[in-house]
Amino acid sequence: MKKFYGRELELSRLKEIMQQSFEDHSRFCIIVGRRRIGKTSLVTHLIQEIEGEVPSLYFFVGKKTEGTLLDIFRREIRSKLEEFVPDRITTFRELFELLLNIAKRKRFILFIDEFQEYDNINPEVFSDMQELWDKYRNETKMCLIVSGSIYRTMEKIFKDKSQPLFGRDDATLKLEPFSTEVLREILQDYKPDYSTDDLLSLWTITGGVAKYVEILMNNQCTSMRKMIRHICTSGDYYFINEGKAILIEEFGKNHNVYFSILDMISQGEVTQKQIEAAVGIKNISGHLKLLEEDYKIIRKKRPIGAGPNSQTVRYEITDNFFRFWFRYIQHYSYLLEIQNFPALQEIMISDYPTFSGIALERWFRKRLMESHKYKQIGGWWLEKKKKSSNIPVQSTSYEPCEIDLVAERLTGEVEVYEVKRNKDKYRKKILEEKIAEMQKQIFKGKPIQPLCLSMEDMERTIE
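Residues numbered from 1 in each chain as written. Predicted model: local features only at pLDDT ≥ 70, side-chain atom pairs only at ≥ 80, totals over all residues. Heavy atoms only, no water.

1. Overview of the layout of surface pockets
- In this structure, the second largest pocket encloses a volume near 910 Å³.
- Lining the second largest pocket we find 40 residues, and of these Gly357, Ile358, Glu361, Glu402 and Asp404 sit closest to its centre.
- Broken down by element, the residue count for the lining of the second largest pocket peaks at eight residues, all from helix 18 (residues 341–371).
- Looking at side-chain class alone, the lining of the second largest pocket contains 14 nonpolar, nine polar and 17 charged residues. (1 Å grid on protein atoms, 1.4 Å probe; cavity = no way out; pocket = protein on both sides within 12 Å on 5 of 7 lines; lining within 4 Å. Points joined across faces, edges and corners; volume = space filled by probe spheres on them. Helix = DSSP H or I, 4+ residues; strand = E, 2+ residues; numbered from the N terminus. Nonpolar A, V, L, I, M, F, W, Y, C, P; charged D, E, K, R; others polar.)

Structure follows, in structure tokens:
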């Protein structure tokens, strides 16, 4: 995609930090976000906008030795800043101190990409930077931007109080997937006559992650069938390998256990007991906590109105692409081993209506959140009682008792939504029965509006 989409707020904030760096003293900005989200593109776009006005350096911390990286960085400084860099500089500490001394008389941007790799190359870099930054920042005019994709490592480097760079950043930008509106704008540019099913497909498969959207659009994959065909037949199998490449880097040698847990969760919202039974591990609470709090890949779902200590908990994968990857690529890896891509493609296409139904619910949840008109948004359900229980099972015309979306506006009104791909399948009476059951626990006595959201409502403006 040649056009730069979205990121207006992030770009504006970066420009503000840059101006503060040049007018006052050096500033340190961190950009975090999952791999492929567009961190490098954001900073590159800023650099392109100011090209000719302010010089900039780009240091990519690849999986190389420190000596090899320094050789590359020395050439970058000589080329972009037109400064003499002696060959005797053989450590990053010496190089960084040289740059800070240059910044006493010259304004420039230093962008260090994949910064967390220094944790593997030379962890002393972090304490060296802390010492030199504290010494020079108030008398220099450098805009220092660092980015990283391995979330847990970046959190350790900058948010762990025991680490040298803790508290040294002036701003942290966390890049999220594209909003639903930006995703719609992109698809419209590539396919002006797109359907809502095309839009839902793009959301379901990419989750708004910039790189995945770019690849599909650049290959004219603007419908569900074209997207799935590309994933299963593209020569480099980019999407096939992507999930494993990212997550093994995050999880390390323990990735098999995490993969099994995520595989189970990808099949639908599940409880801890269901996951434990499926993966054959008695207690996975520690694994789930890491996946939720450290890796930010899953999240707990509780019925709206339930307290934070409620035991009524389900788990879901937060990232649409990982949900897609585990449900199909990881789950059917045996087909990939024998190169049976046509069978995998057929499974994806036939299962798509069911799989995209959950994605449609997530789309509307996102749309409601983006409107900023609500104080709480969630689902609601009543756990099914065991037949052996002494508590009588209430007779209802539905089983189980579950509501897709409940949203309470800032003004107090409550809206309850049933989400259906096909609006003709909506039954208002059944939803009203569920609402009556819900009101025994929350929103007692409040008027509640039963509504339906379907494919035709995907681009509806939230009033």
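Picking up after the structure, the text goes on.
2. So, the packing of helix 9 (residues 196–206) against helix 18
- Close contact between helix 9 and helix 18 brings their axes to 9 Å; oriented N to C, the two are set at 85°. One element, helix 9, and the other, helix 18, form an angle in the roughly perpendicular class. Facing helix 9, whose interface residues are Asp197, Leu199, Leu200, Ser201, Trp203 and Thr204, helix 18 presents Tyr352, Phe355, Ser356, Ala359, Leu360, Arg362, Trp363 and Lys366.
- Broken down by class, the residue content of the contact of helix 9 with helix 18 amounts to eight nonpolar, three polar and three charged. (Axes fitted to C-alpha atoms, helices over the stretch in contact; angles between N-to-C directions. Parallel < 35°, antiparallel > 145°, perpendicular 65-115°, else oblique. Contact = heavy atoms within 4.5 Å.)

3. Thoughts on the sheet that holds strand 8 (residues 374–382)
- Reading across from one edge, 8-9-10-11 is the order of the four strands in this open sheet, with mixed pairing throughout. Each having just a single partner strand, strand 8 and strand 11 (448–453) make up the two edges of the open sheet. Sheet twist, expressed as the average angle between the axes of neighbouring strands with direction ignored, equals 25°.
- Sheet topology places strand 9 (residues 401–409) next to strand 10 (residues 414–419); four bridges connect them, and they run antiparallel. From the neighbouring strand, Ala407 faces strand 10, where its bridge partner is Glu415.
- Lying on the sheet, helix 18 is in contact with strand 8, strand 9, strand 10 and strand 11; it crosses strand 9 at an angle near 15°. (Pairing = 2+ DSSP bridges.)

4. Considering the confidence of the model for the protein
- Residues of the protein with pLDDT of at least 70 account for 96%, and the chain-wide mean is 91.
- Ranking the elements of the protein by mean pLDDT puts helix 12 (residues 238–251) last, at 87, and strand 3 (residues 108–113) first, at 98.
- Taken together, the stretch residues 388–398 has pLDDT below 50 and engages in eleven contacts with residues farther than four places along the chain or on a different chain. (pLDDT = per-residue confidence, 0-100.)

5. Description of the pairing of strand 3
- In terms of burial, strand 3 is a largely internal element, six of the six residues being buried.
- Here strand 3 shows two buried faces, one formed by Phe108, Leu110 and Ile112 and the other by Ile109, Phe111 and Asp113.
- Where strand 2 (residues 56–60) and strand 3 come together, five bridges link them in parallel fashion. The residue bridging Phe60 from the neighbouring strand is Asp113, located in strand 3.
- Where strand 3 and strand 4 (residues 142–148) come together, five bridges link them in parallel fashion. Within strand 4, the position partnered with Ile112 by the bridge is Val146. (Buried < 20%, exposed > 50% of the residue type's maximum accessible area, 1.4 Å probe, protein only.)

6. A short note on the packing of aromatic side chains
- Within this structure, the stated rule accounts for 28 aromatic pairs.
- With centroids separated by 5.3 Å and ring planes inclined at 80°, the aromatic side chains of Phe259 and Phe326 adopt a geometry described as edge-to-face. One end of the pair, Phe259, is in helix 13 (residues 255–266); the other, Phe326, is in helix 16 (residues 320–330), with 67 residues separating them in the sequence. No difference in accessibility class separates Phe259 from Phe326, as the two residues are buried.
- An aromatic cluster is built from Phe28, Phe92, Phe96, Phe115, Tyr118, Phe126, Trp133 and Phe158, whose rings are joined through pairwise contacts.
- In this structure, Arg34 packs its charged tip against the face of Phe322, placed 4.7 Å from the ring centre.
- One Lys or Arg, Arg314, reaches over the ring of Trp381 and ends 4.1 Å from the middle of that ring. (Phe/Tyr/Trp six-rings, centres within 6.5 Å; stacked < 30°, edge-to-face > 60°. Lys NZ or Arg CZ within 6 Å of the ring centre and 35° of its normal.)

7. Things to note about the pattern of salt bridges
- For the coordinates displayed, the defined rule picks out 48 salt bridges.
- One salt-bridge network, in which partners are shared between bridges, spans Arg35, Lys63, Glu114, Glu117 and Glu249. (Salt bridge = Lys/Arg side-chain N within 4 Å of Asp/Glu carboxyl O.)

8. Regarding the sheet that holds strand 5 (residues 171–174)
- Within the open sheet, the five strands sit side by side as 2-3-4-1-5. Their pairing is parallel. At either margin of the open sheet sits one strand with a lone partner, and together these are strand 2 and strand 5. Recorded for the sheet is a direction-independent mean angle of 15° between the axes of neighbouring strands.
- Contacts from helix 7 (residues 151–159) reach strand 1 (27–32), strand 4 and strand 5 within the one sheet, and its direction differs from that of strand 1 by about 155°.

9. Some words on helix 12
- Here helix 12 contains 14 residues, and its C-alpha end-to-end distance of 20 Å stays within 8% of the 20 Å for a straight helix at 1.5 Å per residue.
- Taken together, the buried positions of helix 12 are occupied by Tyr238, Phe239, Ile240, Glu242, Gly243, Ile246, Leu247, Glu250 and Phe251. (Expected span 1.5 Å × (residues − 1).)

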